[in-house]
Amino acid sequence: MGARTALHVEELHRQYSQRVYGYVYRRTTDVQLAQQITNDVFRIAWQHQKEPSAEVLPWLLVTARNLIANEFRARRRQRSLVEKLGGAELARRPEPEDDPGSAVRDVLNTLRPQEREILMLAYWDLLSILEISSILECSPDSAKSRLFRARKAFSKKAPNQMLKGGTSDGQH
């Protein structure tokens, strides 16, 4: 790998590392894991000799999504093995602490995975319809329709005070 590729990856990292990290963190809620996967994304970009371009952000996010899926599969296999060996207590993962976004995350977790993913891409990752359509491998019109349906599903399952910006006791 030449100096030119290294410069390209440095530029990619400078431009997109925060967005990739945010994407990963919102899906894992683990700082160390998010840092590790983000680093792996840029290592893979270096191996593939990716250059800065308009299409690179969706590629980076798809790579991150695949690495997250690999990590979750590995964790499931490890938990299954520990449970088989009789150490079910060791396999339990502590619940994440309460944070301001937990109510939103709770509603998102009731949605279908496709609905949850497109809402996270649009609102948490702040991607455009074109970027979303590239990641989901669909047309921009299809991405718009999917986002509309996901918003509708979210609003049906969310408590009224969440949609109006209030709290559980009705205060704003």
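All figures in this text were calculated on a predicted structure; none of them were measured in a lab. (Residues numbered from 1 in each chain as written. Predicted model: local features only at pLDDT ≥ 70, side-chain atom pairs only at ≥ 80, totals over all residues. Heavy atoms only, no water.)

### Some points on helix α2 (residues 31-47)
For α2, which comprises 17 residues, the first-to-last C-alpha distance of 24 Å matches the rise-based estimate of 24 Å (1.5 Å per residue) to within 8%. Along α2, the residues classified as buried are Leu-33, Ala-34, Ile-37, Thr-38, Val-41, Phe-42, Ile-44 and Ala-45. Around the axis of α2, the buried residues are gathered within 165 degrees of arc, so they sit on the same side. Among the residues of α2, the N-terminal cap falls to Asp-30, whose side-chain oxygen and the backbone nitrogen of Gln-32 are separated by 3.1 Å. Immediately beyond the C-terminal end of α2, within one or two residues, lies Gln-49, with a positive phi of roughly 55 degrees. (Helix = DSSP H or I, 4+ residues; strand = E, 2+ residues; numbered from the N terminus. Expected span 1.5 Å × (residues − 1). Buried < 20%, exposed > 50% of the residue type's maximum accessible area, 1.4 Å probe, protein only. Arc of directions from axis to C-beta. Polar contact = N/O pair within 3.5 Å; in protein donor to acceptor, adjacent residues only side chain to side chain.)

### Digging into the nonpolar core
The biggest cluster of nonpolar side chains holds 38 residues, and the ones touching the most others in it are Tyr-16, Val-20, Val-24, Leu-60 and Ile-132. If we ignore the near neighbours within four places in the chain, the residues touching Ile-132 are Ile-118, Leu-121, Ala-122, Leu-127 and Ala-143. (Core = buried A, V, L, I, M, F, W, Y, C linked by side-chain atoms within 4.5 Å. Contact = heavy atoms within 4.5 Å.)

### Here we look at the side chain of Ser-17
Inspection of the secondary structure assignment puts Ser-17 in helix α1 (residues 3-28). The class for Ser-17 is buried, based on a relative accessible area of 11%. With near-sequence residues (within four places) excluded, Ser-17 lies in contact with Leu-12, Thr-38 and Phe-42.

### Section: the pattern of salt bridges
In this structure the tally under the stated criterion is 8 salt bridges. Its salt-bridge partner being Glu-117, residue Arg-27 comes within 3.5 Å of it at the nearest N-O pair. Taken together, the residues Arg-27 in helix α1 and Glu-117 in helix α6 (residues 113-124) connect sequence positions 90 residues apart. Each member of the pair, Arg-27 as well as Glu-117, is classed as buried. (Salt bridge = Lys/Arg side-chain N within 4 Å of Asp/Glu carboxyl O.)

### A few points about the packing of α6 against helix α7 (residues 129-136)
One can describe the packing of α6 onto α7 by two numbers: an axis separation of 10 Å at closest approach and a directional angle of 145 degrees. Considering how the two elements wind past one another, α6 and α7 form a crossing that is right-handed. Facing α6, whose interface residues are Glu-117, Ile-118, Leu-121 and Ala-122, α7 presents Ile-132, Ile-135 and Leu-136. For the contact of α6 with α7, the per-class residue count stands at 6 nonpolar, no polar and 1 charged. (Axes fitted to C-alpha atoms, helices over the stretch in contact; angles between N-to-C directions. Left-handed = near helix turned anticlockwise from the far one by under 90°. Nonpolar A, V, L, I, M, F, W, Y, C, P; charged D, E, K, R; others polar.)

### Digging into the packing of aromatic side chains
Inspection of the entire model under this criterion finds 1 aromatic pair. Geometrically, the ring pair formed by Tyr-21 and Tyr-25 is stacked, given 6.1 Å between the ring centres and 15 degrees between the ring planes. Placement of both Tyr-21 and Tyr-25 in helix α1 is noted, with a separation of 4 residues, approximately one turn of the helix. Residue Tyr-21 is classed as partly exposed on the basis of its relative accessible area, which comes to 23%. Arg-27 extends its terminal NZ or CZ atom over the ring of Tyr-23, reaching a point 3.7 Å from the ring centre. (Phe/Tyr/Trp six-rings, centres within 6.5 Å; stacked < 30°, edge-to-face > 60°. Lys NZ or Arg CZ within 6 Å of the ring centre and 35° of its normal.)

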